[in-house]
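Fold and contact review
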Amino acid sequence: MPTLGVNIDHVATVRQARMTNEPDPIWAATLAELGGADGITLHLREDRRHIQDRDLRLMRETVAVKLNLELACNAEVLAIACDVRPYQATLVPERREEVTTEGGLDVAGNSAQVSDAVKRLQDAGIVVSLFLDPDPAQIEAAAATGATAVELHTGAYAHASENYAADDELRTLIKAARQVGEAGMIVHAGHGLTYRNVCPVAQIADMCELNIGHSIIARAVMVGLEQAVRDMRRLVTGL
């Protein structure tokens, strides 16, 4: 059964809206752990729109479960990651104008840059995952970088408006997961997953980890973060 990583970026987004000290993403990470999260995910963006350097460093000291840092192939942020040394780093694309990450990393078109980033992180003792669209060419390119895992971008599946379209996208994810596994990499997935659509993705063969943020934080506004995480973990694990 897959593990659940809870992305707490949106807690920091609310804090930064007023440039104050609450809500504290460190506290949110603790509550997510109490709710059963197997990992905490956070994205240190180049423009620091939500998570700040302080958040990452404090979470490295306080988070008891797996800490997964999302970051771009940016020299400054890579240096911070290598200094802080989270358990895992997930390389993602990044554009200043996007609200959230809109697609997978173009490894095939930037193989030298991505391979260099993978090596830097691995030399620091960090497990590396690449956030990719379920595209055979990108998965093949990812395998050549030496990355340990691939996180499949589930946005097309999550945003499919008709059931038949969602079924098609799910089949694409299943094929991509098989290719990732056959290439010797670990299968992760995330983006746009909710309480309504997560179960089919969680049931994909060899799925190891799901990273989910917005839907959990949205429910937490109504029921509290511990309960929101507990509800999602029940769906992900089937327990």
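Here is a short report on the structure shown in this document. (Residues numbered from 1 in each chain as written. Predicted model: local features only at pLDDT ≥ 70, side-chain atom pairs only at ≥ 80, totals over all residues. Heavy atoms only, no water.)

Read around the closed barrel, eight strands run β1-β2-β3-β4-β5-β6-β7-β8, paired in parallel fashion. Across the sheet, the mean angle separating the axes of adjacent strands is 25° when strand polarity is ignored. Pairing geometry for strand β5 (residues 127–132) and strand β6 (residues 149–153), over four bridges, is parallel. The residue of β6 that forms the bridge with L132 is L152. (Pairing = 2+ DSSP bridges. Helix = DSSP H or I, 4+ residues; strand = E, 2+ residues; numbered from the N terminus. Axes fitted to C-alpha atoms, helices over the stretch in contact; angles between N-to-C directions.)

Another aspect to go through is the nonpolar core. In terms of nonpolar packing, the biggest core is built from 73 residues, with L91, L130, L152, V201, L210 and I216 touching the most fellow members. Ignoring any residue separated from it by four or fewer positions in sequence, one finds L130 in contact with L91, L105, V107, V114, V118, A142, T145, A147, A149, V150 and E151. (Core = buried A, V, L, I, M, F, W, Y, C linked by side-chain atoms within 4.5 Å. Buried < 20%, exposed > 50% of the residue type's maximum accessible area, 1.4 Å probe, protein only. Contact = heavy atoms within 4.5 Å.)

Of all six residues in strand β3 (residues 66–71), five are buried, a share of seventy percent or more. One crossover worth recording links strand β2 (residues 39–43) to the parallel β3 by way of helix α3 (residues 53–62), and it is right-handed. Tracing the backbone out of β3, into helix α4 (residues 75–84) and back to the parallel element strand β4 (residues 88–91) gives a crossover that is right-handed. (Right-handed = clockwise from strand over helix to strand, strands pointing away.)

Another aspect to go through is helix α11 (residues 225–237). Taking 1.5 Å as the rise per residue, α11 with 13 residues should run 18 Å; its terminal C-alpha atoms sit 18 Å apart, in good agreement. Restricting attention to buried positions, one finds in α11 the residues L225, A228, V229, D231, M232, V236 and T237. Check the buried side of α11 and you find it contacts β1 (3–7), α2 (25–34), α9 (198–202), β8 (207–212) and α10 (214–223). (Expected span 1.5 Å × (residues − 1).)

Tallying each qualifying case throughout the model produces zero aromatic pairs. When the ring centre of Y195 is taken as reference, the NZ or CZ atom of R219 above it lies at 3.7 Å. (Phe/Tyr/Trp six-rings, centres within 6.5 Å; stacked < 30°, edge-to-face > 60°. Lys NZ or Arg CZ within 6 Å of the ring centre and 35° of its normal.)

We now examine the layout of surface pockets. Estimated volume of the second largest pocket: approximately 220 Å³. Forming the walls of the second largest pocket are H10, V11, V14, P23, D24, W27, A28, L31, I217, A220, V221 and L225. Of all the secondary structure elements, the ones that give two or more residues to the lining of the second largest pocket are α1 (9–18), α2 and α10. Tallied by class, the residues present in the lining of the second largest pocket amount to 10 nonpolar, one polar and one charged. (1 Å grid on protein atoms, 1.4 Å probe; cavity = no way out; pocket = protein on both sides within 12 Å on 5 of 7 lines; lining within 4 Å. Points joined across faces, edges and corners; volume = space filled by probe spheres on them. Nonpolar A, V, L, I, M, F, W, Y, C, P; charged D, E, K, R; others polar.)

For α1, the set of buried residues is D9, V11, A12, R15 and Q16. Buried residues along α1 cover an arc of 155° about the axis, so they all sit on one side. Exposed side chains of α1 directed beyond 90 degrees from the buried face belong to V14, A17 and R18. The elements touched by buried residues of α1 are β1, α2, β2, α3, β3 and α10. Of the residues flanking the end of α1, it is M19, one or two places downstream, whose phi is positive at about 55°. (Arc of directions from axis to C-beta.)

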